[in-house]
Amino acid sequence: MKPIQVGILGIGTVGSGVFNVLQRNQEEIKRRAGRGIEVTMVSRRNIAEAQALVGDRAQVVADARAIVQNPAIDIVVELIGGTTLAKELVLEAIAAGKHVVTANKALLAVHGTEIFAAAHAKGVMVAFEAAVAGGIPIIKALREGLTANSIQWVAGIINGTTNFILSEMRDKGLDFSVVLKEAQRLGYAEADPTFDIEGVDAAHKLTLMSAIAFGIPVQFDKAYIEGITQLGAQDIRYAEQLGYRIKLLGITKRTANGVELRVHPSLVPAKRLIANVEGAMNAVMVQGDAVGTTLYYGKGAGSEPTASAVIADLVDIARLHTAEPAQRVPYLAFQHHSMSDLPVLPMGEVVTSYYLRLRVADQAGVLATVTGLLAAADISIDAVLQREADEVGGEGATQTDVIILTHDCIESRMNAALSQMQALPTVLAPITRIRKEELA
Ligand code: HSE
């Protein structure tokens with residue numbers, strides 16, 4: 001059979017990885033796919049830069065539309081990123097009857113409903129393994145490997161930049177801003193790291209996993225997002241003293257009332273495997289009713305790890321593109337007409353436990369007042385740690401830190417209790433609140 005023809009929009013680090021891996025492993029990939037997979041066209045605004053990456057192995061064009069409009073191209077791989085030009089080109093490729101592979105989490109998290117509807121109407125595939133956790137085949141696992149299960153929750157470290165920063169903060173006892181600068185100098189963090197450090201990149205990926213896990217439409221606008229910019233080295237240290245590590249987690253959970261969809265720093269018991277995922281690595285835990293807890297670990301970014309995911313999608317398409325659309329695996333794991341309308345819960349309705357750090361006046365009755373307010377709100381305390389004032393503020397200090405771990409409670413109730421505690425004259429600084437996940 002004639003090799004399937006692929007065009008790459010936006011050849012760069014990932015695109016050249018696709019080229020190199022396809023070339024290196026072409027025989028095995030062909031034996032798996034049942035036919036060859038050939039990248040015959042690539043685009044990049046700067047043609048000389050593209051030629052430096054692919055040489056004469058493919059036709060290089062400056063205008064990505066030339067690929068989308070070429071009838072010889074069967075599959076378009078979108079690696080441009082962003083949600084404007086990439087969206088136009090993906091919709092044009094679909095309209096032209098081409099299958100699409102994309103690594104663009106933002107595009108699908110925000111415009112997925114429109115893109116999947118267009119692809120469904122046209123009978124083409126849209127595959128996006130590379131959009132979530134780079135080389136880890138988590139989309140395949142959720143969509144196919146765990147298909148027997150009623151999935152209960154998914155929790156992941158799905159942003160390598162922030163995990164690198166948190167690992168460095170813990171190892172070296174440094175504050176966020178110092179480590180961020182170092183991470184940028186070393187190339188671990190981008191010059192504009194906003195999407196990573198504010199949790200937006202993780203929320204894009206979580207939105208896709210949530211849709212697949214629970215059969216709900218992609219709803220990025222309903223995700224609760226909190227990044228790591230406010231984390232202090234002292235909270236990482238106190239968490240450690242209590243047996244926890246702090247990780248930026250993306251968590252999506254099915255409850256009786258709806259689906260939790262949230263990204264925020266979380267205390268995780270240090271004994272959990274996921275708490276020990278360090279540096280730029282990614283890991284995702286999935287809890288299914290039949291399988292129990294599963295864990296997937298690997299590189300969440302990089303040229304060949306991401307290419308590994310892109311090529312897996314190319315192989316799937318090479319195998320399935322002649323099948324009837326109804327015989328293919330649905331984009332979001334559940335059949336198009338069988339999506340659930342389970343709502344995404346507002347953050348106030350999420351149930352979780354908490355780490356609280358209060359800078360208080362070191363005087364009689366302060367702890368009793370604070371814990372009294374928690375008791376009045378029916379919030380149960382799990383552990384309390386009080387540092388000696390000298391240790392916190394130096395000799396003769398009159399302030400100290402009180403750290404409280406709570407049991408589960410609904411977030412709206414915790415918010416009300418926090419307002420009351422914050423109003424106490426003996427609470428001397430804004431209270432730090434970090435959510436805690438046992439992941440048991
Ligand atoms: N910037 C992402 C990360 C990789 O740091 O994990 C691409 O989503």
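Everything below is about the structure printed above this text.
Residues numbered from 1 in each chain as written. Predicted model: local features only at pLDDT ≥ 70, side-chain atom pairs only at ≥ 80, totals over all residues. Heavy atoms only, no water.

**A few points about the site of the ligand**
As a reminder, the rule being used: Here, proximity means that at least one heavy atom of the residue falls within 4 Å of the molecule or strand. Any pair of N or O atoms that falls within 3.5 Å is considered a polar contact. Within protein, one atom must be able to donate a hydrogen and the other to accept it, and sequence-neighbouring residues count only if both atoms are side-chain atoms. The method behind every accessible area is Shrake-Rupley, applied with a 1.4 Å probe, and residues are considered shielded solely by the protein chains displayed. Here the nonpolar group is Ala, Val, Leu, Ile, Met, Phe, Trp, Tyr, Cys and Pro; Asp, Glu, Lys and Arg are the charged ones; every other residue, Gly included, is treated as polar.
Around the ligand sit K105, N159, G160, T161, D196, D201, K205 and A301, and that is every residue in its neighbourhood. In the model, an oxygen atom of the ligand is placed 2.7 Å from a nitrogen or oxygen of the G160 main chain. In isolation the ligand exposes 260 Å². Once the protein is present, 82% of that is buried. Grouping the amino acids of the shell around the ligand by side-chain chemistry returns 1 nonpolar, 3 polar and 4 charged.

**Observations regarding the nonpolar core**
Quick note on the threshold: Within this scheme, the nonpolar core is defined by two criteria: the residues are buried Ala, Val, Leu, Ile, Met, Phe, Trp, Tyr or Cys, and they are joined through side-chain atoms within 4.5 Å. Think of it in three bands: with a 1.4 Å probe and only protein chains considered, a residue is buried below 20% of the maximum accessible area for its type, exposed above 50%, and partly exposed in between. What counts as a helix is a DSSP run of H or I of at least four residues, what counts as a strand is a run of E of at least two, and both are numbered from the N terminus. Note on contacts: a residue pair is in contact if any heavy atoms of the two residues lie within 4.5 Å.
One finds V126, F128, I138, L142, I165, M209 and V286 to be the most contacted residues of the largest nonpolar core, which totals 83 residues. Among the elements that line this core, the one with the most residues is helix α11 (residues 200-214), at 10 residues. Once residues lying within four places of it in the same chain are set aside, the contact partners of I165 are F176, V179, L180, A183, I197 and I228. Counting 33 residues, the second largest nonpolar core, distinct from the first, contains V6, V18, A33 and A318.

**Here we look at the packing of aromatic side chains**
Let me state the cut-off plainly: We call Phe, Tyr and Trp rings a pair once their centres come within 6.5 Å, taking the six-membered ring for Trp, and we label the pair stacked below 30 degrees between planes, edge-to-face above 60, and tilted otherwise.
For the coordinates displayed, the defined rule picks out 3 aromatic pairs. Pairing F116 with Y331 gives two aromatic rings, centres 5.2 Å apart and planes at 20°, and the pair type is stacked. Here F116 is found in helix α6 (residues 105-122), whereas its partner Y331 is found in the loop between α13 (303-320) and β13 (351-361), with 215 residues between them in sequence. Here F116 and Y331 have matching classes, each one buried.

**Some words on the layout of surface pockets**
Picture a little ball the size of a water molecule; that probe, rolled over the atoms, points out where space is still empty. This is how the line gets drawn: Note on definitions: the grid is 1 Å and covers protein atoms alone; a cavity is a set of points where a 1.4 Å probe fits but cannot get out; a pocket is an open set with protein on both sides within 12 Å along at least five of seven lines; lining residues have an atom within 4 Å of a point. Grid points are joined across faces, edges and corners, and a volume is the space filled by probe spheres set on the points. The split of the chain into domains comes from an automatic or database domain assignment.
For the largest pocket, the calculated volume is near 1,200 Å³. Among the elements of the structure, α1 (13-24), α6, α8 (160-172), α10 (194-197), α11, β11 (281-288) and α13 are those that each provide at least two residues to the lining of the largest pocket. Among the residues forming the lining of the largest pocket, the class breakdown is 18 nonpolar, 17 polar and 8 charged. Here the lining of the largest pocket spans two domains, since at least three of its residues come from each of domain 1 (4-136 + 303-338) and domain 2 (138-298).

**Some remarks on the pairing of strand β17 (residues 432-436)**
Definition in use: Two strands qualify as a pair provided DSSP detects at least 2 bridges between them.
Most of β17 sits out of view: 4 of its 5 residues are buried. Summarising the sheet, strand β10 (residues 259-269) and β17 pair through 2 bridges and their orientation is parallel. Along β17, the bridge assignment pairs S266 with R435. Of the pairings in the sheet, the one linking β13 to β17 comprises 5 bridges and is antiparallel in character. Bridge pairing in β17 places L356 opposite R433.

**A closer look at the sheet that holds strand β4 (residues 75-78)**
The condition that has to hold: All axes here are fitted lines through C-alpha atoms, helices being fitted over the stretch that makes contact, and every angle between N-to-C directions spans 0 to 180 degrees.
Spatial ordering of the open sheet is given by β3-β2-β1-β4-β5-β6, a layout of 6 strands whose pairing is parallel. Since the sheet does not close on itself, it has two edges, and those belong to β3 (59-61) and β6 (126-127), each with one partner. As judged from the 4 bridges shared by strand β1 (residues 4-9) and β4, these two strands associate in the parallel manner. Across the sheet, the residue bridging to G7 is V76, located in β4. Running over the sheet, α13 touches β1, β2 (37-43), β4, β5 (99-102) and β6 and is turned about 165° from β5.

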